[in-house]
Amino acid sequence: MLQFPQVWNNLLFYQDSRDPGIARTVQDLQIMVADLEKACIPFRQWLDRLDQLVPGEYGAIVAAIVPIHQQRVELLQQLTNVETFISSCLSVNAQDNAARTWEPTLQNLEAKLDQAITPLQLFLNRVGDDFIAQLIQEPKLAELCFPLQCDRQFKDHLLNVVDEQIISGLSVHGLHSWGNLYTEIAGTLQCQLQSSAKPPANSSVDSSQEPAATAEVSPQAQEPIGLAQAANLLYHPDRVTREAAWRGIQTAWTSREETAATILNAINGWRLEETQQRANHSPAQVPLHYLDKSCHQNRIERTTLEALMATTYQRRSIGQRALNAMGKVLGIARMAPWDLAAPCPVKGDRSTHLSFETAIEIIADAFRPFDPAMADFAIMMADKGWIDAKPTPHRSIGAYCTGFGNPREPRIFMTFEGTMNNVITLAHELGHAWHDWVMRDLPWMQLSYPMTLAETASIFGETLVRQALLQQASTPAEQLAIRWQDAESAAVFLLNIPSRFEFEKQFVEARKQSFVIADELKQLMRNSWATWYETSLSEYDEMFWASKLHFSISSLGFYNYPYLFGYLFSRGIYAQKEQIGESFSQRYIDLLRDTGKMTAEAVVQHHLQQDIRQSDFWNASLDRVEQSVLEFEQLVATQIHP
């Protein structure tokens with residue numbers, strides 16, 4: 001079997017965070033930004049006389065935009081390279097002081113670029129449709145067609161040039177500094193395993209299951225570990241260990257709860273104030289809801305979001321049933337927060353520990369029948385060192401897919417410790433990476449797709465792996481181990497993700513009135529879990545607002561519902577696989593390639609001929625999820641002694 005490095009090979013770009021080439025790149029980019037700023041000065045004048053522009057002037061203005069656009073794309077590619085490299089360094093080691101120094105510098109450079117291009121951006125958003133029609137006829141600017149279409153829908157909420165530049169500049173040392181602080185804390189905070197629970201009684205499942213672990217965890221015998229390592233222990237087969245890890249994470253974040261609360265309040269306070277300023281001082285003074293910007297960023301309509309959430313809430317019992325069935329297999333009356341990521345205890349879950357190479361093999365074997373190129377791509381990612389998965393002491397929590405701008409190469413970050421859950425996470429991120437890879441030849445401005453559609457590709461990757469494992473399962477016990485993954489996903493996407501959305505809505509409403517202290521945040525989180533989980537859990541995770549990175553990402557609010565969208569959308573796409581046959585893999589690629597130039601509604605209408613603004617679409621996908629949960633319940637019934 002091939003041996004894969006498990007650490008990034010980014011030497012094509014820089015040696016490390018102290019590489020002198022980074023300073024040279026930043027200096028070159030600063031010069032390019034200054035040149036762009038000068039080139040955009042005339043657009044201030046054209047903005048002032050939009051009503052007086054005549055068609056005879058259009059040609060000269062379009063000609064002026066061409067070199068600006070080309071220079072901006074080149075600048076963005078280089079800036080993406082250095083930003084990706086520095087963020088990669090920080091993911092592996094949050095205590096990399098050189099990388100930490102570069103992070104705000106690069107954020108400031110990005111803000112300077114936004115400020116430089118603001119006059120042109122405002123001009124393009126406010127100029128008449130007849131000018132835009134002529135602009136996109138220019139081949140070198142045709143890639144701007146869809147981005148402009150999206151931006152111009154939001155034009156009533158734009159301020160003047162000076163105000164937009166002020167917001168961009170202040171955000172570096174205001175908004176984004178709070179996000180940076182959270183990332184630093186999450187990467188350096190350590191916890192100690194803590195257990196207050198008695199060892200679990202033997203399970204009532206049959207002899208094909210692993211025996212229940214009974215060893216207590218002694219806090220005194222454990223060395224402190226990072227949050228990323230502790231989070232991986234939530235996937236441990238021993239329930240005592242899972243609870244010890246969960247309580248350790250709780251205690252660690254509780255020790256910093258006031259700081260975490262301040263971060264969350266500062267980020268959302270900034271967003272609310274900016275929203276209010278845009279509503280009050282934009283030329284049209286059009287009302288702006290805090291969800292409007294989120295929907296705009298995710299390229300969906302509010303009606304789509306409302307249909308998605310309302311339909312899922314009506315059928316939340318599907319996720320609750322999944323949890324109840326999982327609890328029966330574990331031999332517990334009700335699941336606890338530390339059980340939500342528990343592995344299936346039956347034999348047939350491959351083994352208690354999987355090597356990274358085995359994980360890649362499992363994923364590639366699952367991808368190959370669907371698309372051999374997708375399987376080869378997964379192996380290439382590992383072989384080239386484009387995946388960093390080796391546990392390190394000061395590693396960031398979570399997993400993600402990112403990429404360099406030129407050449408266009410994806411990268412994956414995660415912490416791999418040999419569980420089947422790690423395999424599914426890796427398949428998820430490889431789904432993202434494949435999405436980027438099949439789009440790599442498109443124009444730069446067509447590469448940016450919304451999170452709603454991004455999560456579709458990642459969850460589709462998960463689905464391929466689960467279905468392949470299910471087909472390979474030869475015994476009821478093995479089938480149960482794979483169906484467990486389906487049940488766990490149903491609980492996550494139909495309960496946990498919506499509860500995050502519920503919490504964030506409640507919090508933003510409360511933040512409108514005043515600063516929300518840690519105790520109030522805990523209550524809001526308990527309320528949101530109660531709304532969705534109801535009685536399916538023995539207790540709620542009141543510190544989830546602090547421990548979940550997604551709430552404290554400064555650049556993007558409501559980083560939650562797109563996962564639910566992607567989960568149900570991917571189920572709808574996968575259902576087409578058997579109907580369409582051999583041509584489906586190419587149609588899937590075609591769909592992915594359209595995600596940077598269509599709204600979510602348009603993508604679904606074009607490729608599936610369905611309307612996601614209606615509950616029928618979501619109910620059809622939920623029907624498929626319910627069927628998989630039913631099959632899991634039936635398997636559980638055959639495995640449990642009466």
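Procedures and definitions
- Residue indices begin from 1 for each chain and proceed along its sequence in written order.
- With pLDDT at 70 or above as the cut-off, local features in this predicted model cover only qualifying residues; side-chain atom pairs require 80 or more to be listed or tallied, and sums for whole chains, interfaces and linings still use all residues.
- As a convention, hydrogens and water are excluded, and side-chain values are obtained from all of the structure's heavy atoms.
- For helices the rule is a DSSP run of H or I covering at least 4 residues; for strands it is a run of E covering at least 2, with both sets numbered from the N terminus onward.
- This radius of gyration counts C-alpha atoms alone. The globule rule is 2.2 Å times how many residues there are, raised to the power 0.38.
- Only protein chains enter the accessibility calculation, which uses a 1.4 Å probe. A residue is then buried if its area is under 20% of the maximum for its type, exposed if over 50%, and partly exposed in between.
- The criterion used for residue contact is that any of the two residues' heavy atoms lie within 4.5 Å.
- In short, Shrake-Rupley with a 1.4 Å probe defines the accessible areas, and a residue's cover is counted only from the protein chains shown.
- We count Lys and Arg on the positive side and Asp and Glu on the negative side, and we leave His and both chain ends out.
- Lysine's charge is taken at NZ, arginine's at CZ, aspartate's at CG and glutamate's at CD.
- Helix axes are fitted to C-alpha atoms over the stretch in contact, other axes to C-alpha atoms as well, and angles between N-to-C directions run from 0 to 180 degrees.
- Oblique is the label for every angle not falling under 35 degrees (roughly parallel), over 145 degrees (roughly antiparallel), or within 65 to 115 degrees (roughly perpendicular).
- Here the expected span of a helix is defined as 1.5 Å times the quantity of residues minus one.
- Here the rule is simple: two strands pair whenever DSSP picks up at least two bridges between them.
- Patch definition: residues above 30% relative accessible area lacking any salt bridge, with like charges linked at up to 9 Å and the nonpolar side chains Val, Leu, Ile, Met, Phe, Trp and Tyr linked at up to 5 Å.
- Salt bridge criterion: a side-chain nitrogen from Lys or Arg within 4 Å of a carboxyl oxygen from Asp or Glu.
- Think of a nonpolar core as a cluster: buried Ala, Val, Leu, Ile, Met, Phe, Trp, Tyr and Cys residues, connected wherever their side-chain atoms sit within 4.5 Å.
- In the scheme used here, Gly and all other residues not listed as nonpolar or charged are polar, with Ala, Val, Leu, Ile, Met, Phe, Trp, Tyr, Cys and Pro taken as nonpolar and Asp, Glu, Lys and Arg as charged.
- Pairing of aromatic rings covers Phe, Tyr and the six-membered ring of Trp, with a centre-to-centre limit of 6.5 Å; geometry is then stacked below 30 degrees between planes, edge-to-face above 60, and tilted otherwise.
- For a lysine, the NZ atom is tested; for an arginine, the CZ atom; a charge sits over a ring if that atom is within 6 Å of the ring centre and within 35 degrees of the ring normal.

Overview of the overall build of the protein
1) Next: What the protein contains, in helices and strands, is 25 helices and five strands.
2) Next: Computed over C-alpha atoms, the radius of gyration of the protein comes to 25 Å, within 12% of the 26 Å expected from 2.2 N^0.38 for 642 residues, which places it in the range of a compact globule.
3) Next: Across its three principal directions, the C-alpha atoms of the protein cover 85 × 55 × 50 Å.
4) Next: Burial status across the protein gives 57% buried among its 642 residues.
5) Next: Taking the contacts inside the protein whose residues are at least 6 apart along the sequence as the reference set, 80% of them involve residues at least 24 apart.
6) Next: Counting every atom, the protein has about 26000 Å² of accessible surface; 50% of that belongs to carbon and sulfur.
7) Next: If you average the places of the 52 positive and of the 75 negative side-chain charges in the protein, the two averages end up 1 Å apart.

Focus on the packing of helix α15 (residues 356–367) against helix α18 (residues 451–472)
1) Next: Two elements in contact, α15 and α18, have axes whose closest approach is 8 Å; the angle formed by their N-to-C orientations is 90°. By the criterion of interaxial angle, the relationship of α15 to α18 is roughly perpendicular. Contacts from Ile362, Ile363, Ala366 and Phe367 of α15 reach α18 at Gly461, Leu464, Val465, Ala468 and Leu469.

Let's talk about helix α13 (residues 302–314)
1) Next: An ideal rise of 1.5 Å per residue puts 18 Å on 13 residues; α13 measures up with 18 Å between its terminal C-alpha atoms.
2) Next: Residues of α13 that are buried: Thr304, Leu305, Ala307, Leu308, Met309, Thr311 and Thr312.
3) Next: Close packing links the buried residues of α13 with α12 (290–297), α19 (476–513), α20 (518–533), α22 (561–580), α24 (600–608) and α25 (615–639).

What about the environment of Tyr559?
1) Next: Topologically, Tyr559 is positioned in the loop between α21 (544–547) and α22.
2) Next: Distance in space between the C-alpha atoms of Tyr559 and Thr452 is 9.8 Å, their sequence separation being 107 residues.
3) Next: Tyr559 has contacts with Met451, Glu504, His550 and Ile553, leaving out every residue within four places of it along the chain.

Digging into the pairing of strand β4 (residues 400–405)
1) Next: The sheet contact formed by β4 and strand β5 (residues 408–413) spans six bridges and is antiparallel. Residue pairing across strands places Cys401 opposite Ile412, the latter belonging to β5.
2) Next: Where β4 folds back on β5, the antiparallel hairpin that results is connected by two residues.

Things to note about a nonpolar patch on the surface
1) Next: Among the surface-exposed residues, Val162, Ile166 and Leu170 lie close enough to one another that they form a single nonpolar patch of about 270 Å² accessible area.
2) Next: Assignment of secondary structure puts Val162 in helix α7 (residues 161–173).

Re the nonpolar core
1) Next: Among the nonpolar cores identified, the biggest contains 155 residues, and Trp253, Ile387, Leu426, Trp545 and Phe569 are the most heavily contacted of them.
2) Next: Apart from residues no more than four positions distant in its own chain, Leu426 is found in contact with Phe356, Ala359, Ile360, Ile363, Ile387, Ile412 and Met414.
3) Next: Counting 51 residues, the second-largest nonpolar core is a separate cluster that includes Leu53, Ile68, Ala99 and Leu109.

What to know about the pattern of salt bridges
1) Next: Taken as a whole and judged by the stated rule, the model has 33 salt bridges.
2) Next: A salt bridge links Asp388 to Arg395, with the nearest nitrogen and oxygen atoms 2.7 Å apart.
3) Next: Across the salt bridge formed by Arg483 and Glu631, the nearest N and O atoms sit 2.4 Å from each other. Placement of Arg483 in helix α19 and of Glu631 in helix α25 is noted, with a sequence separation of 148 residues between them.

Description of the sheet that holds β5
1) Next: Strand order in the open sheet formed by three strands is β3-β5-β4, and the pairing between neighbours is mixed. Every interior strand has two partners, whereas the edge strands, β3 (387–388) and β4, have only one.
2) Next: Sitting on the sheet, helix α3 (residues 55–92) touches β3, β4 and β5, and the angle it makes with β4 is about 145°.
3) Next: Relative to β5, helix α16 (residues 372–383) is tilted by about 75°, and along the sheet it contacts β3 and β5.

Examining the packing of α22 against helix α23 (residues 584–593)
1) Next: Packing of α22 against α23 brings their axes to within 9 Å, and their N-to-C directions diverge by 150°. Touching Phe569, Ile573, Gln576, Lys577 and Ile580 of α22 are Phe584, Arg587, Tyr588 and Leu591, all from α23.
2) Next: Of the residues that constitute the contact of α22 with α23, the class distribution is six nonpolar, one polar and two charged.

Describing the pairing of β5
1) Next: Most of β5 is tucked away, with five of its six residues classed as buried.
2) Next: Across two bridges, β3 lies against β5 in parallel orientation. What sits directly across from Ile387, in β5, is Ile412.

A few points about the packing of aromatic side chains
1) Next: Enumeration over the complete set of coordinates arrives at 39 aromatic pairs.
2) Next: A centroid spacing of 5.7 Å and a plane angle of 70° characterise the contact between Phe370 and Tyr588, whose relative ring orientation is edge-to-face. Of this pair, Phe370 sits in the loop between α15 and α16 while Tyr588 sits in helix α23; the two residues are 218 residues apart in sequence, bridging distant segments of the chain. Accessibility assignment for this pair places Phe370 and Tyr588 in one class, buried.
3) Next: Put simply, the rings of Phe503, Phe507, Trp529, Tyr533, Phe544 and Phe551 touch in pairs and so form one group of aromatic residues.
4) Next: The aromatic ring of Tyr313 is capped on one face by Arg316, whose charged end is 3.9 Å from the ring centroid.
5) Next: Lying across the ring of Trp437, Arg440 places its NZ or CZ 3.9 Å from the centre.

Some points on helix α8 (residues 175–188)
1) Next: A rise of 1.5 Å per residue sets the reference length of α8, with its 14 residues, at 20 Å; its end C-alpha atoms lie 21 Å apart and thus fit the reference within 8%.
2) Next: When α8 is considered as a whole, its buried residues turn out to be Leu175, His176, Gly179, Asn180, Tyr182, Ile185, Ala186 and Gly187.
3) Next: For α8, the secondary structure elements touched by its buried residues are α4 (97–126), α7, α9 (227–232), α10 (239–254), α11 (257–281) and α21.

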